[in-house]
Amino acid sequence: MLSVLYEGQDAHRLDQDSSNKRIREALNRVSACERILLLGHGSDKGLLSREADGRDFDRLIVNHSHAFYLRKHPGNIVAIWCHADLFGRAEGLHGLFSGMIITELSEALLYEVPTTGEELARENDRLFRRLRALLDEGVPLREIPGRLQALDDARTPLTDFNYSHFYYL
């Protein structure tokens, strides 16, 4: 669902199979004026990668060791994974960061947010398409959290939760 944020863009893309060293080298080469998108699953410690079989997470592919390079992009990072905001705050990063975003039914149960699989798929697709539109329109990242909340026309427990967990750091 997050691929909508970069589809059709001429961007250098690294996937979860990239080594920590390769990611550091790429971050070091990126101009400070270019936007960096960090997307996927993660924790307050960073962005996670799945094992080759796709079942379990086995390593952090963006973590504390990358923070030095990310700080060279003040205000121009978009980081979307569960608790990316905690990682960004701890590392002194700036840009648009998500907090906890419910993307799976197990997360909805954990956070006691009533929803269905159908609503989850539909509303998350709408959320990230709206975010892409705001990015494409050149809306400053600091304005996006408020603009996203204003675009939530469903106003369900799920959308209230997800739309309210975007922060500009």
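Residues numbered from 1 in each chain as written. Predicted model: local features only at pLDDT ≥ 70, side-chain atom pairs only at ≥ 80, totals over all residues. Heavy atoms only, no water.

1. Section: helix α6 (residues 144–151)
Buried within α6 we find Ile144, Pro145 and Leu148. Within α6, the buried residues cover an arc of 100 degrees as seen down the axis, which keeps them to one side. Elements that come into contact with the buried residues of α6 comprise β6 (95–98), α5 (117–136), α7 (157–163) and β7 (166–168). (Buried < 20%, exposed > 50% of the residue type's maximum accessible area, 1.4 Å probe, protein only. Helix = DSSP H or I, 4+ residues; strand = E, 2+ residues; numbered from the N terminus. Arc of directions from axis to C-beta. Contact = heavy atoms within 4.5 Å.)

2. Observations concerning the sheet that holds β7
Sheet strands associate in pairs through backbone hydrogen bonding, adopting either a parallel or an antiparallel arrangement. In spatial order, the strands read β1-β5-β6-β7; together these four strands make up an open sheet with mixed pairing. Pairing within the sheet leaves two strands with one partner each, and these edge strands are β1 (36–39) and β7. Taken pair by pair, the neighbouring strands of this sheet meet at an average axis angle of 10 degrees, ignoring direction. (Pairing = 2+ DSSP bridges. Axes fitted to C-alpha atoms, helices over the stretch in contact; angles between N-to-C directions.)

3. Some points on the pattern of salt bridges
Tallying each qualifying case throughout the model produces 13 salt bridges. The partner of arginine 89 in a salt bridge is aspartate 85, with the nearest N and O atoms 4.0 Å apart. Remark: aspartate 85 and arginine 89 occur in helix α3 (residues 84–91); sequence separation between them is four residues, near one turn of the helix. Residue classification places arginine 89 among the partly exposed positions, given a relative accessible area of 48%. Note that arginine 126 and glutamate 123 form a salt bridge whose closest N and O atoms lie 3.2 Å from each other. On the criterion of helical spacing, the pair formed by arginine 126 and glutamate 123 is a turn pair, its members being three residues apart in helix α5. According to the relative accessible area criterion, arginine 126 is partly exposed, its value standing at 26%. Linked by salt bridges that have partners in common, Glu118, Arg122, Glu123, Arg126, Arg130 and Asp153 make up one network. (Salt bridge = Lys/Arg side-chain N within 4 Å of Asp/Glu carboxyl O.)

4. Considering the nonpolar core
In this structure, Leu5, Ile80, Phe128, Leu131, Ile144, Leu148 and Phe166 are the most contacted members of the largest nonpolar core, which totals 18 residues. Mapped by element, the contributors of at least two residues to this core are β5 (77–80), α5 and α6. For this core, the element with the most residues is α5, which contributes five residues. The next biggest cluster of nonpolar side chains, apart from the first, holds 16 residues, and it includes Leu47, Ala84, Phe87 and Phe97. (Core = buried A, V, L, I, M, F, W, Y, C linked by side-chain atoms within 4.5 Å.)

5. A closer look at the side chain of aspartate 85
Judged by relative accessible area, which is 7%, aspartate 85 ranks as buried. Setting aside residues up to four positions removed in sequence, aspartate 85 forms contacts with Phe97, Ser98, Gly99, Tyr167 and Leu169.

6. Topic: the pairing of β5
Across the two faces of β5 the burial is the same, with Ile77 and Ala79 and Val78 and Ile80 all buried. As paired strands, β5 and β6 are joined by three bridges and run parallel to one another. Within the sheet, the bridge partner assigned to isoleucine 77 lies in β6 and is glycine 95. Since β5 and β6 lie parallel, the crossover through α3 that links them has a hand, and here it is right-handed. (Right-handed = clockwise from strand over helix to strand, strands pointing away.)

7. Side note on the packing of α5 against α6
One can describe the packing of α5 onto α6 by two numbers: an axis separation of 10 Å at closest approach and a directional angle of 135 degrees. Between α5 and α6, the angle falls in the class oblique. When the axes of α5 and α6 are compared, the crossing they make is right-handed. Of the residues in α6, those touching α5 at Leu127, Arg130, Leu131, Leu134 and Leu135 are Ile144, Arg147, Leu148 and Leu151. The residue inventory of the contact of α5 with α6, partitioned by class, reads seven nonpolar, no polar and two charged. (Parallel < 35°, antiparallel > 145°, perpendicular 65-115°, else oblique. Left-handed = near helix turned anticlockwise from the far one by under 90°. Nonpolar A, V, L, I, M, F, W, Y, C, P; charged D, E, K, R; others polar.)

8. Digging into the environment of alanine 11
Within the secondary structure, alanine 11 sits in the segment before α1 (20–29). Since its relative accessible area comes to 48%, alanine 11 is described here as partly exposed. Sequence separation between alanine 11 and leucine 37 is 26 residues; the distance between their C-alpha atoms is 9.9 Å.

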